[in-house]
Amino acid sequence: MVTGGGSGLGADIVRALAAAGYRVGILDRDPGSARAVADGIADAVALAADVADADALAAALADFGAAPDLLVNNAGIVRFGALEEQSPEDYAATVNVNFLGSCLCARAVAPGMLERGSGHIINITSVNGVHPAPGIGLYGGTKAAMACMTQAMALEWGPRGVRANAIAPGFIDAGMSRPIYENPQARAVRSGGVPLRRLGEAADIAHAVLFLDSEQAAYINGHELVVDGGVINSVLAQLPRS
Ligand SMILES: NC(=O)c1ccc[n+]([C@@H]2O[C@H](COP(=O)([O-])OP(=O)(O)OC[C@H]3O[C@@H](n4cnc5c(N)ncnc54)[C@H](O)[C@@H]3O)[C@@H](O)[C@H]2O)c1
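Numbering of residues starts from 1 in every chain and runs along the sequence as written. pLDDT decides what is reported in this predicted model: residues at 70 or higher carry local features, side-chain atom pairs at 80 or more are listed and counted, and totals for whole chains, interfaces and linings draw on all residues regardless. Excluded from the side-chain calculations are hydrogens and water; all other atoms, namely the structure's heavy atoms, are used.

Caption draft 1: Up close: the environment of Pro134. Each helix is a run of H or I in the DSSP string that is no shorter than four residues. Each strand is a run of E no shorter than two, and both are numbered from the N terminus. Relative to the elements of secondary structure, Pro134 occurs in the loop between strand S5 (119-124) and helix H5 (139-157). We classify Pro134 as exposed; its relative accessible area is 78%. With 52 residues separating them along the chain, Pro134 and Ala82 place their C-alpha atoms 7.5 Å apart. In this scheme, a residue with accessible area under 20% of its type's maximum is buried, one over 50% is exposed, and one in between is partly exposed, where area comes from a 1.4 Å probe on protein chains only.

Right, dumping it as structure tokens:
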């Protein structure tokens, strides 16, 4: 099950999972986009729910039929603007979708996974939760909180067969960041600052999901995998010696 699977990174994660043989649930608050992604995939199920609405989540899970083997907590929003200028509603919406929503989705699937003795939760965080950028309100804070909860889930649920990990994407040319990269100057500055000298693609994140959920990653639990071409470690490279 992929939350926010109706567009951007989520839609690519859905397609990659389906191509690898998973039966995929696409949960999105926008039923049209979830259906549009599901329409192209045999066996995919579109589920309409707001991740911050526990009752709607329970109903969507009942429609899915069973606890998923894998939950990808990908639904997320960003509100741009200075911290002191954002409204209380901006603050609440960011916390409710990114942090509370991810925790509620994990809480909704956990009993079934724990009863079965297997399952995996992957939380899509952000490099902004590791090293926050200015001008994006509480976004980085919610992602850092998700990373912390990933560790808490790994501790509580690992002994009962359920893993939890996180993926922190960097500068990705998709989804909520695509409008930024439509500006050629922003695109050149950002991609030039990445040690691998390119922006990330949604497929880079989908590949990380497939890896973390694979047998090869079976002993990885409570880890936040940064997928950013090296950019958040590059501060010394950005500052010339003279
Ligand atoms: N695009 C990037 O550069 C980037 C970088 C780092 C992290 N991320 C993270 O990746 C995830 C996906 O982002 P994206 O860029 O694909 O954004 P996006 O806006 O394209 O997609 C987000 C999806 O989540 C859905 N959604 C939003 N609020 C919801 C809610 N309350 N309930 C259910 N669904 C909801 C939207 O309808 C949409 O389909 C987010 O968690 C984001 O923070 C993205």
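What follows continues from the structure just given.
Caption draft 2: Seen up close, the site of the ligand. For this description, a residue counts as near a given molecule or strand if any of its non-hydrogen atoms is within 4 Å of it. Around the ligand, the surrounding shell holds 26 residues, and the nearest of these are Leu9, Asp28, Asn74, Tyr139 and Ser177. Nitrogen and oxygen atoms within 3.5 Å of one another constitute a polar contact, given that in protein one can donate a hydrogen and the other can accept it, and given that sequence-neighbouring residues count only through two side-chain atoms. In the environment of the ligand, an oxygen atom lies 2.8 Å from a nitrogen or oxygen atom belonging to the backbone of Met176. Mapped onto the shell around the ligand, the elements with two or more residues apiece are helix H1 (8-19) and H5.

Caption draft 3: Quick look at the packing of helix H3 (residues 54-64) against helix H4 (residues 88-116). Between N-to-C directions, angles cover 0 to 180 degrees, with each direction set by a line fitted to C-alpha atoms, over the stretch in contact for helices. Packing of H3 against H4 leaves a shortest axis separation of 10 Å and a crossing angle of 40°. When the axis of H3 is compared with that of H4, the two are oblique. H3 and H4 meet at a crossing whose hand is right-handed. Note on element contacts: H4 touches H3 through Leu104, Cys105, Ala108 and Val109, opposite Ala54, Leu57 and Leu61. Class assignment for the residues of the contact of H3 with H4 results in 7 nonpolar, no polar and no charged. Each angle receives one of four descriptions, namely roughly parallel if under 35 degrees, roughly antiparallel if over 145, roughly perpendicular if within 65 to 115, and oblique otherwise. Each helix crossing is assigned a hand: it is left-handed if the near helix lies turned anticlockwise from the far helix by less than a right angle, otherwise right-handed if that turn is clockwise. Contact criterion: two residues are considered in contact whenever any of their non-hydrogen atoms come within 4.5 Å of each other. Any residue outside Ala, Val, Leu, Ile, Met, Phe, Trp, Tyr, Cys, Pro, Asp, Glu, Lys and Arg is labelled polar, Gly included; the first ten of those are nonpolar and the last four are charged.

Caption draft 4: Representation of the side chain of Thr3 within the structure. Within the secondary structure layout, Thr3 lies in strand S1 (residues 2-3). Within the local environment of Thr3, its side chain forms a polar contact with the backbone nitrogen of Asn74, the two atoms lying 2.9 Å apart. The contacts of Thr3, once residues within four sequence positions are left out, are Leu27, Val51, Leu71, Val72, Asn73, Asn74, Ala75 and Cys105.

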